[in-house]
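This is what each chain is made of:
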Amino acid sequence: MKSRFCGKVLENKEIVPDVWDMYINVPEAVERARAGQFISIYTGDATMLLPRPLSICQIDPDSGTLRIVYKVVGQGTEKLAKLVAGDEVTGLAPLGSFYQVNPAHNKFAIVGGGMGTPPMLELARQIRKNQSYAHISVYLGFGNKSQIILADDFATYADQVTVTTDDGSFGLQGNAIQNLPDNPDFDAIFGCGPHVMLKHLAKYAENKGLPCHISLEERMACSIGACLACVAKTTNGLSKVCTAGPVFDAKEVIW
């Protein structure tokens, strides 16, 4: 259930070029937020009527804080990057569907590509919290060494973190999908990243007979299902990613 919030920025810093890490104190949203969901933040600029949708990276129920890792890609996110500790922000949260973990499963693969990496961190945290015995394998893919984010954060919760770069400047060369095992013993796969990555991840899961849930990164405008800007083709017809998703069963998506 979404609702309007008014929160306070606790920290907002650049962690790699053009990628920012923001913590917002917003207890009313934290109570309902789940891994895979997103929030929409208003920029405070009257010329920008629509809020900016940003995936939730981490949820801290104890402090009532949401962590948002985002990339500056336009005027709206440029405005957000100028926020400092103490600034107030308003928006809508939590929004969209979330990752659901089968408690009978205990071996998980979490795959993140580029800026699809942040929402997977909260999923890893929640799995570790709820199923301390679980085995979590994380596969992260980036263009090059300068774009790598959150690898150390994932190591806090995961048994294994494999980092790949397209140019081989760090970790294994290639993409995250290429480095998945040929004979996996996972119970389930979760992913978020570029469309082409998710397409190949869905195919991989299908070939291995494994359940797979993915978060689509379609560009959103209104974030509440009114503008039809983020529709995706699914077995249920055209689905609004901001309301029916962003998390889908990979088998539902028509690639």
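Residues numbered from 1 in each chain as written. Predicted model: local features only at pLDDT ≥ 70, side-chain atom pairs only at ≥ 80, totals over all residues. Heavy atoms only, no water.

Where do I start with the overall build of the protein chain in this structure?
Counting its regular elements, the protein chain contains 5 helices and 16 strands. Against the compact-globule benchmark of 18 Å for 255 residues, the protein chain has a radius of gyration of 17 Å, which places it among compact chains. Considering only C-alpha atoms, the protein chain reaches an extent of 55 × 40 × 35 Å along its principal axes. Looking at the 255 residues of the protein chain, the share that counts as buried comes to 51%. A total accessible area of about 11800 Å² is found for the protein chain, and carbon and sulfur atoms account for 49% of it. Counting 23 positive and 26 negative side-chain charges, the protein chain places the averaged centre of each group 5 Å from the other. (Helix = DSSP H or I, 4+ residues; strand = E, 2+ residues; numbered from the N terminus. Rg over C-alpha atoms; globule rule 2.2 N^0.38 Å. Buried < 20%, exposed > 50% of the residue type's maximum accessible area, 1.4 Å probe, protein only. Areas by Shrake-Rupley, 256 points an atom, 1.4 Å probe, with all protein chains shown as cover. Lys, Arg positive; Asp, Glu negative; His and termini not counted. Charge placed at Lys NZ, Arg CZ, Asp CG, Glu CD.)

I would appreciate a short explanation of the sheet that holds strand β3 (residues 38-41) in the present structure.
As a general point, the strands of a sheet are linked pairwise by backbone hydrogen bonds and lie either parallel or antiparallel. Pairing in this open sheet of 7 strands is antiparallel, and the strands run β4-β3-β7-β1-β2-β6-β5 from one edge to the other. Each of the sheet's edge strands pairs with one partner strand only, and the pair in question is β4 (52-55) and β5 (58-60). Neighbour to neighbour, the strand axes of the sheet diverge by 35° on average, direction disregarded. On the sheet, helix α3 (residues 118-130) packs against β4, β5 and β6 (65-71) and is oriented at approximately 45° with respect to β5. (Pairing = 2+ DSSP bridges. Axes fitted to C-alpha atoms, helices over the stretch in contact; angles between N-to-C directions. Contact = heavy atoms within 4.5 Å.)

In this structure, what is going on with the sheet that holds strand β10 (residues 160-165)? I would like to understand it.
Pairing is mixed across the open sheet formed by 7 strands, whose spatial order is β11-β10-β9-β8-β12-β13-β16. Each edge of the open sheet carries a strand with a single partner, namely β11 (172-173) and β16 (247-249). When strand β9 (residues 135-142) meets β10, the two strands line up parallel, connected through 6 bridges. When the bridges of β10 are listed, Val138 appears paired with Val161. In the packing of α3 onto the sheet, contacts are made with β8 (107-113), β9 and β12 (188-192), and the angle to β8 comes to roughly 165°.

For this particular structure, what's the right way to read the pairing of strand β13 (residues 212-215)?
Sheet faces and side chains relate simply in a regular strand, where the side chains alternate between the two faces. As paired elements, β12 and β13 share 4 bridges and run parallel to each other. The residue bridging Gly191 from the neighbouring strand is Ile214, located in β13. The parallel pair β12 and β13, bridged by helix α5 (residues 195-208), forms a crossover whose chirality is right-handed. Bridge analysis of β13 against β16 gives 3 bridges, and the strand direction is antiparallel. Within β16, the position partnered with Ser215 by the bridge is Val247. (Right-handed = clockwise from strand over helix to strand, strands pointing away.)

Whenever I open this one, the environment of Gly168 confuses me. Can you help?
By secondary structure assignment, the location of Gly168 is in the loop between β10 and β11. By relative accessible area, which is 32% here, Gly168 ends up partly exposed. Sequence separation between Gly168 and Phe142 is 26 residues; the distance between their C-alpha atoms is 9.7 Å.

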